[in-house]
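Here's the letter readout for the chains.
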Amino acid sequence: MRTTNNTILVTGGGTGMGLEAAKHFSELGNKVIIVARNAERLREEAAKLANTTAIPCDLSNEDELRNLVYILKRDHSDLNMIFLNAGIATNYGLLEGENAYEISKAEMITNFHSAVLLTNELEGLLADKPESAMILTTSGVAFVPDLLHPTYSATKAALHSYALGLRLVLQKKESTIKVFELMAPLVDTPFSKAVKSDLKMPANQIIKELIAGLEKDDFELHVGLTQQIAELSRKSTQEALKFINSVTG
Ligand SMILES: NC(=O)c1ccc[n+]([C@@H]2O[C@H](COP(=O)([O-])OP(=O)(O)OC[C@H]3O[C@@H](n4cnc5c(N)ncnc54)[C@H](OP(=O)(O)O)[C@@H]3O)[C@@H](O)[C@H]2O)c1
């Protein structure tokens, strides 16, 4: 997948890996559209980058999501890449009195259902481009759960499964759309503040690896510790489970 001269939607583009991706994509000569809830921060960040537009949107709200699709089709018909990266996680213990049902509903809508809606609604726009891509951010916890984030882990497992199916369906349709999955390790962003660990990778490094992976058509990117988790989970789910929970504490 080429990494210049694209028009790229980046969700979660106001902070962390999304912002880092927006910076790199902008520097590489792409048009970038960043999306997140915090409108002020989003607009401030977009103003610092060349060819970057901010569209505030709460991806957990169906009306706002559908309005985002409407704006993209109306104002950005050259869109050919979507980086669905926004995500939330709640740090809590299962069976310890928290409302796991409500927590998991919020996590699932943001992390999974929004990606289902956006990939379905934007497939037509991407399909008529000579080269196009959908990139989904998952995690090493898609292979085995991290008990600090028990239901979040399940949302990433669902998204991983969805990415596999989506790629196969698009291949069967002989679509030009490529599906990439960025399986991130622990990354030093606002998202991982609650996790005490010196194994966090800088967001800048993750995005450099993403860009290298896009250029090589490496469709499932296992970055850093995620590679170890992937290998271990193929050999023994129990070993991988022990390993991931020793890393996150
Ligand atoms: N950091 C890690 O250790 C790690 C590891 C593996 C995977 N990941 C994944 O990487 C992705 C990016 O996270 P990050 O680490 O870069 O952390 P981050 O800086 O917290 O980024 C998450 C972004 O998602 C946006 N967001 C959250 N809920 C949203 C909603 N309902 N609508 C629109 N935007 C929303 C946030 O902006 P607003 O608050 O302004 O909406 C924020 O910009 C996430 O999918 C996360 O699950 C992170």
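Quantities reported herein were computed from a predicted structural model and do not represent experimental measurements.

Caption draft 1: Looking closely at the overall build of the chain. Secondary structure assignment for the chain yields eight helices and nine strands. Its C-alpha radius of gyration of 17 Å places the chain within 12% of the 18 Å reference for a compact globule of 249 residues. Overall size of the chain, expressed as C-alpha extent along the three principal axes, is 45 × 35 × 30 Å. A separation threshold of at least 6 residues defines the contact pool for the chain, and within that pool the share at least 24 residues apart is 67%. For the chain, the computed accessible surface area is about 11,500 Å², with 51% contributed by carbon and sulfur atoms. One way to put it: in the chain the 25 positive side-chain charges average out to a point 2 Å from where the 31 negative ones average out.

Caption draft 2: Looking closely at the sheet that holds strand β2 (residues 31-36). Read across the open sheet, the seven strands follow the order β3-β2-β1-β4-β5-β6-β9; overall the sheet is parallel. Edge positions in the sheet fall to β3 (52-56) and β9 (220-222), since each of these pairs with one other strand and no more. Neighbour-to-neighbour, the strand axes of the sheet open up by a mean angle of 15 degrees, direction not taken into account. Sheet topology note: the β2/β3 ladder contains five bridges and is parallel. Directly across from V35, in β3, lies its bridge partner I55. Strand contacts of helix α6 (residues 203-215): β4 (81-84), β5 (132-139), β6 (177-184) and β9, with the helix running at about 150 degrees to β6, the strand carrying the most contacts.

Caption draft 3: Inspection of unusual backbone geometry at higher detail. For N5, which is not glycine, the phi torsion reads 60 degrees and is therefore positive. Relative to the elements of secondary structure, N5 occurs in the segment before β1 (7-11). Since its relative accessible area comes to 60%, N5 is described here as exposed. Even without being a glycine, D217 presents a positive backbone phi close to 55 degrees. Tracing the backbone through its elements, the reader meets D217 in the loop between α6 and β9.

Caption draft 4: Here's a closer look at the UniProt feature "domain: Ketoreductase" (unreviewed entry) in the chain. As annotated in UniProt, the feature "domain: Ketoreductase" (unreviewed entry) corresponds to residues 6-186 in the numbering used here. Secondary structure across residues 6-186 divides into 48% helix and 20% strand, with the first and last C-alpha atoms of the span separated by 28 Å.

Caption draft 5: Fine view of the side chain of S139. Assignment of secondary structure puts S139 in strand β5. One polar contact links the side chain of S139 to the main-chain amide nitrogen of V141, over a distance of 3.0 Å. For S139, the contacting residues outside a window of four places in its chain are Y152, K156, L182, M183 and A184.

Caption draft 6: Fine view of the layout of surface pockets. The calculated volume of the largest pocket comes to roughly 980 Å³. The wall of the largest pocket is formed by 45 residues, among which N85, G87, I88, T189 and F191 lie closest to the centre. Taken together, the elements giving at least two residues each to the lining of the largest pocket come down to α1 (16-27), β2, β5, α5 (150-172), α7 (225-235) and α8 (237-248). Of the residues belonging to the lining of the largest pocket, the class tally is 21 nonpolar, 19 polar and five charged.

Caption draft 7: Structural context of the site of the ligand. Not every one of the 30 residues close to the ligand is listed here, only the nearest: T15, R37, N85, Y152 and T189. Here a nitrogen atom of the ligand and a backbone polar atom of L59 are 2.8 Å apart. Burial of the ligand by the protein chains amounts to 94% of its free accessible area of 860 Å². The cavity where the ligand resides is the largest pocket. Residue assignment for the shell around the ligand shows that the elements contributing at least two residues are α1, β5 and α5. Examining the composition of the shell around the ligand, we find that three residues originate from one element, β5, more than from any other. When the residues that make up the shell around the ligand are grouped by side-chain class, the tally is 13 nonpolar, 13 polar and four charged.

Caption draft 8: Looking closely at the pairing of β1. A large share of β1 lies buried, amounting to five of its five residues. Here β1 shows a buried face lined by T7, L9 and T11 and a second buried face lined by I8 and V10. Where β1 meets β2, five bridges bridge the pair, whose relative direction is parallel. Each bridged residue has a counterpart across the sheet, and for T7 the counterpart in β2 is K31. At this point the chain moves from β1, through α1, to the parallel β2, and the crossover so formed is right-handed. For β1 and β4, the ladder comprises three bridges, and the chain directions are parallel. The partner of V10 across the bridge, within β4, is F83.

What counts and how
Residues numbered from 1 in each chain as written. Predicted model: local features only at pLDDT ≥ 70, side-chain atom pairs only at ≥ 80, totals over all residues. Heavy atoms only, no water. Helix = DSSP H or I, 4+ residues; strand = E, 2+ residues; numbered from the N terminus. Rg over C-alpha atoms; globule rule 2.2 N^0.38 Å. Contact = heavy atoms within 4.5 Å. Areas by Shrake-Rupley, 256 points an atom, 1.4 Å probe, with all protein chains shown as cover. Lys, Arg positive; Asp, Glu negative; His and termini not counted. Charge placed at Lys NZ, Arg CZ, Asp CG, Glu CD. Pairing = 2+ DSSP bridges. Axes fitted to C-alpha atoms, helices over the stretch in contact; angles between N-to-C directions. Buried < 20%, exposed > 50% of the residue type's maximum accessible area, 1.4 Å probe, protein only. UniProt positions renumbered as here; feature names shortened; annotations may be inferred. Polar contact = N/O pair within 3.5 Å; in protein donor to acceptor, adjacent residues only side chain to side chain. 1 Å grid on protein atoms, 1.4 Å probe; cavity = no way out; pocket = protein on both sides within 12 Å on 5 of 7 lines; lining within 4 Å. Points joined across faces, edges and corners; volume = space filled by probe spheres on them. Nonpolar A, V, L, I, M, F, W, Y, C, P; charged D, E, K, R; others polar. Near = heavy atom within 4 Å. Sits in = over half its atoms within 2 Å of the grid points. Right-handed = clockwise from strand over helix to strand, strands pointing away.

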